[in-house]
Amino acid sequence: MLRTHTCGELRPDHIGQTVTLTGWVQRTRDKGGILWIDLRDRYGLTQLALEEGVETEEVRAQARELGREFVLSVTGRVAERHSKNDKMPTGAIEIRVETLTVLNPAKLPPFLIEDETDGGDDLRMKYRYLDLRRNTVRNNLMLRHRVAQATRRFLDGQQFIEVETPVLIKSTPEGARDFVVPSRMNPGEFYALPQSPQTFKQLLMVSGFDRYFQIVKCFRDEDLRADRQPEFTQIDCEMSFVEQEDILNTFEGLVQYLFKEVKGLEIGTLPRMTYADAMRYYGNDKPDTRFEMKFVELNDVVKGQGFPVFDAAGLVVGINAHNSAMYTRKQLDELTEFVKRPQVGATGLVYARVEADGNVKSSVDKFYSQDELQKWKAAFNAQPGDLLLILAGEPHKTRKALSELRLEMGQRMGLRDKDVFSPLWVVDFPLLEYIEEEGRYFAMHHPFTSPKPEDVALLDNPATIGEVRANAYDMVINGVEVGGGSIRIHDRAVQARMFSLLGFSDEEAKAQFGFLLDAFEYGAPPHGGIAFGFDRLCSLFGGADSIRDFIAFPKNNSGRDVMIDSPSPISGAQLKELSIATAVEKK
Ligand code: ASP
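Residues numbered from 1 in each chain as written. Predicted model: local features only at pLDDT ≥ 70, side-chain atom pairs only at ≥ 80, totals over all residues. Heavy atoms only, no water.

1. What about the sheet that holds strand β2 (residues 34-41)?
Strand order in this closed barrel of 5 strands is β1-β2-β3-β5-β4, and the pairing throughout is mixed. Within the sheet, the average angular offset between the axes of one strand and its neighbour, ignoring direction, is 55°. Note that strand β4 (residues 71-80) and strand β5 (residues 93-104) share 10 bridges and pair antiparallel. Looking across to β5, one finds that V78 is bridged to I95. Contacts from helix α1 (residues 57-64) reach β1 (18-30), β2, β3 (44-51) and β5, with the element oriented near 65° to β5. (Pairing = 2+ DSSP bridges. Helix = DSSP H or I, 4+ residues; strand = E, 2+ residues; numbered from the N terminus. Axes fitted to C-alpha atoms, helices over the stretch in contact; angles between N-to-C directions. Contact = heavy atoms within 4.5 Å.)

The following block contains the structure:
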């Protein structure tokens, strides 16, 4: 090694030793008589000192020439610092420099390499290798490393085998849009990048691997949001000879272990909530259960009093924001504007305050007597000081809008603390979901998910197909879906039936998934599994909203890597070789 110690290592015990350190110049301070340099590497910062009359004029002259981010090697003696800095692990010592070698000079970096940087997002992404020098970003990646290692330790201890599955696979119509890769050797044909290793992990169960996992890149060509990247990482798992209960227990164990190892937290047993209850009480299949504020349905309480909006609504439903009756007219107008935003989609907001004397004052007092309003209060179990917020309309849309309002109120009321973790399982998802625009059913999880045996008969009747529940489950933490999976179909006939329900002809099913249907004829064990969004899990542990901060080289919101400038055009010769006739001219 070109060094004897790292920049995070030296303590008073080392005083008197001669050491060699290497690293980057964080900053220099020249006070005339004495000159300091902070030298940085991955492990920390160490102060170098060069004093007039103590260190040589030659080395002091060299030090004056240094710029930010120069790469240095310095040799010197460890000395006690006069003014100690107890915020720095190396703050009790400094190095009295004897020799200083510039291993490489550096151009002035385009932004400050400090915890608080002046670099905007685009600039930091273009120079991501400099951004990665910053503590905050590096710490995120170190956290990611720890989560990955802990995951491997836990699963290895439970007899899971890590197996790599291919990245060049086959495009399928179900699920999200595929990224495709042209095949030079097979003109006109394409591979697809996996959206997940789903079918491969099931085949590994047919092969008798019994317990599989992989920390694996997945690719989905979807529109991007803060918590999405076109390529992302899953902790992908599958087990044989299991029921839903076994999977929930095993992976509850994994998440408990990760919280303990990474955060030092005991999260205890995960509560379970059915999908039906999640929708009913939170309007959301990934409820943020850090706070209550459950939905209260009001159809029976508010209808028939002559208020046309409520009378015409399929559903009148509200939440009780405790101790928020002091909300001003302006704040309530803001909330009304919030629910009317197209993304939220409500037409208006009705509110009611419970006053100190117990009387209720609402925004629709003209239609409701105090006696009637007292019934509202009872339905919400409201106390003086509470604010009731009520939406009305088509049931599905109204629940969705109230879910947004609930989250907004949770935020405003400080109930969504990043250091509080509220994990749970959401279970009993519907097997199928009807997509109006497509005029057909789609698999809610994926086409390999098995219906609950007790619901299978409902598949025979078109009127009840939508009610069939699946052995499918999600793990939700703080309103984020961190993982999801299901017990799979392992019977060829059931799988073929599922494909037909999803609108595949026999030929299409065979063409797309013939390999899986065939495999099911060679002794497929009952099996099931789950996949966790690894990036999301890391961002949750790190207390951040965006997964980008936990990915070394992420893409921006247009799916571009601005550092390597990709995607990019390829040459005509390459296109020709790939048998791709024309590429769209770039605008
Ligand atoms: N492959 C599924 C997914 O990516 C997870 C699973 O069912 O195991 O969501």
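2. Concerning the sheet that holds strand β12 (residues 296-297)
Strand-to-strand pairing in sheets goes through backbone hydrogen bonds, with the strands running parallel or antiparallel. If you trace the 5 strands from one edge of the open sheet to the other, you get β12-β13-β16-β14-β15, paired in antiparallel fashion. One side of each edge strand has no neighbouring strand; the edge strands of this open sheet are β12 and β15 (360-362). Running over the sheet, helix α11 (residues 370-380) touches β12, β13 (315-321), β14 (350-354), β15 and β16 (387-393) and is turned about 100° from β15.

3. Considering the site of the ligand
With respect to spatial proximity, 13 residues lie near the ligand, and among them Q198, K201, H445, H446 and R488 are the closest. Within the side chain of S196, one N or O atom sits 3.1 Å away from a nitrogen atom of the ligand. Here K201 contributes a side-chain N or O atom positioned 2.6 Å from an oxygen atom of the ligand. Coverage of the ligand by the protein amounts to 89% of the 270 Å² it exposes when considered alone. Of all the elements in the fold, those that place two or more residues in the shell around the ligand are α5 (198-206), β21 (480-487) and β22 (527-533). Of the residues forming the shell around the ligand, the biggest block, 3 residues, is contributed by β22. (Near = heavy atom within 4 Å. Polar contact = N/O pair within 3.5 Å; in protein donor to acceptor, adjacent residues only side chain to side chain. Areas by Shrake-Rupley, 256 points an atom, 1.4 Å probe, with all protein chains shown as cover.)

4. Quick word on the side chain of H446
With respect to the secondary-structure elements, H446 resides in the loop between β19 (440-443) and β20 (472-477). You can call H446 buried: its relative accessible area is 14%. A polar contact of 3.3 Å, which involves the side chain of H446, links it to the side chain of Q198. Polar contacts involving the side chain of H446 include one to the side chain of R488, which spans 3.3 Å. (Buried < 20%, exposed > 50% of the residue type's maximum accessible area, 1.4 Å probe, protein only.)

5. Structural notes on the pattern of salt bridges
Throughout the structure, instances matching the rule amount to 46 salt bridges. The salt bridge involving R64 is made with D30; its shortest N-O contact spans 3.6 Å. Of this pair, R64 sits in helix α1 while D30 sits in strand β1, and the two are 34 residues apart along the sequence. Between D545 and K418 there is a salt bridge whose closest N-O contact spans 3.5 Å. (Salt bridge = Lys/Arg side-chain N within 4 Å of Asp/Glu carboxyl O.)

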